[in-house]
Amino acid sequence: MQHIDFELRGEFIPLDALLKATGLADNGGAAKALVAAGKVEVDGQQELRKTAKLRAGQVVAIAGARVRILAPGSMAPVETGVDE
(Lines give C-alpha, C1' and ligand atoms only; values in the text may rest on other atoms or scores of the structure.)
Protein backbone atom coordinates (compact mmCIF):
# COMPACT_ATOMS: atom_id res chain seq x y z
CA MET A 1 0.00 0.00 0.00
CA GLN A 2 1.23 3.47 -0.89
CA HIS A 3 1.51 5.89 2.06
CA ILE A 4 1.52 9.63 1.39
CA ASP A 5 2.00 12.46 3.87
CA PHE A 6 0.36 15.68 2.68
CA GLU A 7 1.12 18.96 4.42
CA LEU A 8 -1.66 21.54 4.40
CA ARG A 9 -0.92 25.09 3.30
CA GLY A 10 -3.95 26.50 5.09
CA GLU A 11 -6.68 25.35 7.46
CA PHE A 12 -8.18 22.72 5.12
CA ILE A 13 -8.19 21.25 1.60
CA PRO A 14 -11.25 20.02 -0.32
CA LEU A 15 -11.28 16.26 -0.90
CA ASP A 16 -11.28 16.49 -4.71
CA ALA A 17 -8.33 18.92 -4.62
CA LEU A 18 -6.38 16.55 -2.33
CA LEU A 19 -6.87 13.62 -4.71
CA LYS A 20 -5.63 15.74 -7.59
CA ALA A 21 -2.69 17.24 -5.63
CA THR A 22 -1.43 13.83 -4.51
CA GLY A 23 -1.72 12.32 -7.99
CA LEU A 24 -4.37 9.81 -6.94
CA ALA A 25 -6.63 11.36 -9.60
CA ASP A 26 -5.42 12.69 -12.95
CA ASN A 27 -7.68 15.75 -12.84
CA GLY A 28 -10.54 17.34 -10.94
CA GLY A 29 -13.20 15.51 -12.93
CA ALA A 30 -11.60 12.15 -12.22
CA ALA A 31 -11.35 13.03 -8.52
CA LYS A 32 -15.03 13.93 -8.34
CA ALA A 33 -15.96 10.71 -10.16
CA LEU A 34 -13.98 8.61 -7.65
CA VAL A 35 -15.78 10.25 -4.75
CA ALA A 36 -19.21 9.96 -6.41
CA ALA A 37 -18.56 6.26 -7.06
CA GLY A 38 -18.00 5.68 -3.34
CA LYS A 39 -14.35 4.68 -3.72
CA VAL A 40 -12.95 7.12 -1.16
CA GLU A 41 -12.88 6.81 2.63
CA VAL A 42 -12.08 9.53 5.16
CA ASP A 43 -11.17 8.29 8.63
CA GLY A 44 -12.51 4.82 7.78
CA GLN A 45 -15.93 6.03 6.57
CA GLN A 46 -17.11 6.27 2.98
CA GLU A 47 -17.14 9.93 1.87
CA LEU A 48 -19.53 11.04 -0.87
CA ARG A 49 -19.06 14.82 -0.54
CA LYS A 50 -16.69 15.81 -3.34
CA THR A 51 -15.55 19.00 -1.64
CA ALA A 52 -15.52 17.76 1.97
CA LYS A 53 -13.11 19.94 3.97
CA LEU A 54 -10.17 17.86 5.17
CA ARG A 55 -8.08 19.03 8.10
CA ALA A 56 -4.86 17.98 9.81
CA GLY A 57 -5.04 14.57 11.46
CA GLN A 58 -7.48 13.04 8.99
CA VAL A 59 -6.64 10.03 6.81
CA VAL A 60 -7.96 9.46 3.29
CA ALA A 61 -7.93 5.97 1.78
CA ILE A 62 -8.48 4.95 -1.83
CA ALA A 63 -7.61 1.76 -3.75
CA GLY A 64 -4.20 0.85 -2.34
CA ALA A 65 -3.23 4.30 -1.06
CA ARG A 66 -3.52 6.16 2.22
CA VAL A 67 -2.99 9.89 2.62
CA ARG A 68 -2.26 11.33 6.05
CA ILE A 69 -3.02 15.05 6.29
CA LEU A 70 -0.48 17.03 8.28
CA ALA A 71 -0.66 20.51 9.79
CA PRO A 72 1.15 23.34 8.01
CA GLY A 73 4.84 23.43 8.91
CA SER A 74 4.87 19.94 10.42
CA MET A 75 7.07 18.30 7.80
CA ALA A 76 10.76 18.78 8.45
CA PRO A 77 12.87 19.98 5.52
CA VAL A 78 14.93 17.25 3.89
CA GLU A 79 18.67 17.71 4.31
CA THR A 80 20.65 17.14 1.14
CA GLY A 81 24.10 17.13 2.72
CA VAL A 82 25.21 19.80 0.26
CA ASP A 83 26.46 23.13 1.61
CA GLU A 84 24.97 26.13 -0.11
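Residues numbered from 1 in each chain as written. Predicted model: local features only at pLDDT ≥ 70, side-chain atom pairs only at ≥ 80, totals over all residues. Heavy atoms only, no water.

Enquirer: Explain the overall build of the protein to me, please; I cannot follow it from the model alone.
Expert: Assigned secondary structure in the protein consists of two helices and seven strands. For the protein, the succession of helices and strands along the chain, N to C, is β-β-α-α-β-β-β-β-β. By residue count, 31% of the 84 residues in the protein fall in the buried class. For the protein, contacts bridging at least 24 residues in sequence account for 50% of all contacts bridging at least 6. Carbon and sulfur atoms make up 48% of the accessible area of the protein, which totals about 5500 Å². (Helix = DSSP H or I, 4+ residues; strand = E, 2+ residues; numbered from the N terminus. Buried < 20%, exposed > 50% of the residue type's maximum accessible area, 1.4 Å probe, protein only. Contact = heavy atoms within 4.5 Å. Areas by Shrake-Rupley, 256 points an atom, 1.4 Å probe, with all protein chains shown as cover.)

Enquirer: Please clarify how the side chain of D16 should be interpreted in this entry.
Expert: Tracing the sequence through the fold places D16 in helix α1 (residues 15–21). Look at D16 and you get buried, because its relative accessible area is 11%. Among all residues touching D16, those that are not within four sequence positions of it are A31, K32, K50 and T51.

Enquirer: Explain the nonpolar core to me, please; I cannot follow it from the model alone.
Expert: Nonpolar side chains in soluble globular proteins tend to be buried together. One finds L15, L18, L19, V40, L54 and V60 to be the most contacted residues of the largest nonpolar core, which totals 19 residues. Other than its neighbours up to four places away in sequence, L19 contacts L24, A25, A31, V35, V40 and V60. (Core = buried A, V, L, I, M, F, W, Y, C linked by side-chain atoms within 4.5 Å.)

Enquirer: Quick question: what am I supposed to make of the sheet that holds strand β4 (residues 45–46) here?
Expert: Across a sheet, paired strands are connected by hydrogen bonds in the backbone, their directions being either parallel or antiparallel. Ordered in space as β1-β7-β6-β3-β4, the five strands form an open sheet in which the pairing is mixed. Unpaired on one side and paired on the other, β1 (2–7) and β4 mark the two borders of the sheet. Strand direction decides the pairing type here: strand β6 (residues 59–62) and strand β7 (residues 65–70), joined by four bridges, are antiparallel. Looking at the pairing, A61 lines up with R66 of β7. (Pairing = 2+ DSSP bridges.)

Enquirer: Can you walk me through helix α2 (residues 28–36) in this structure?
Expert: Each α-helix winds once per 3.6 residues, and so residues spaced three or four apart point in a common direction. Capping of α2 at its N-terminal end is provided by N27; its side-chain oxygen lies 3.1 Å from the backbone amide nitrogen of G29. Among the residues trailing α2, G38 stands out with phi positive, at a value near 75°. (Polar contact = N/O pair within 3.5 Å; in protein donor to acceptor, adjacent residues only side chain to side chain.)

Enquirer: What is the right way to look at the pairing of β6 in this model?
Expert: Two faces make up the sheet, and in a regular strand the side chains alternate between them. Neither face of β6 is exposed, since V59 and A61 on one face and V60 and I62 on the opposite face are all buried. Here strand β3 (residues 40–42) runs beside β6; their pairing, made up of three bridges, is antiparallel. Across the sheet, the residue bridging to V42 is V60, located in β6. Where β6 hands over to β7, the hairpin turn is made up of two residues, of which G64 adopts a positive phi near 80°.

Purely geometric stuff here, so don't read any function into it on its own.
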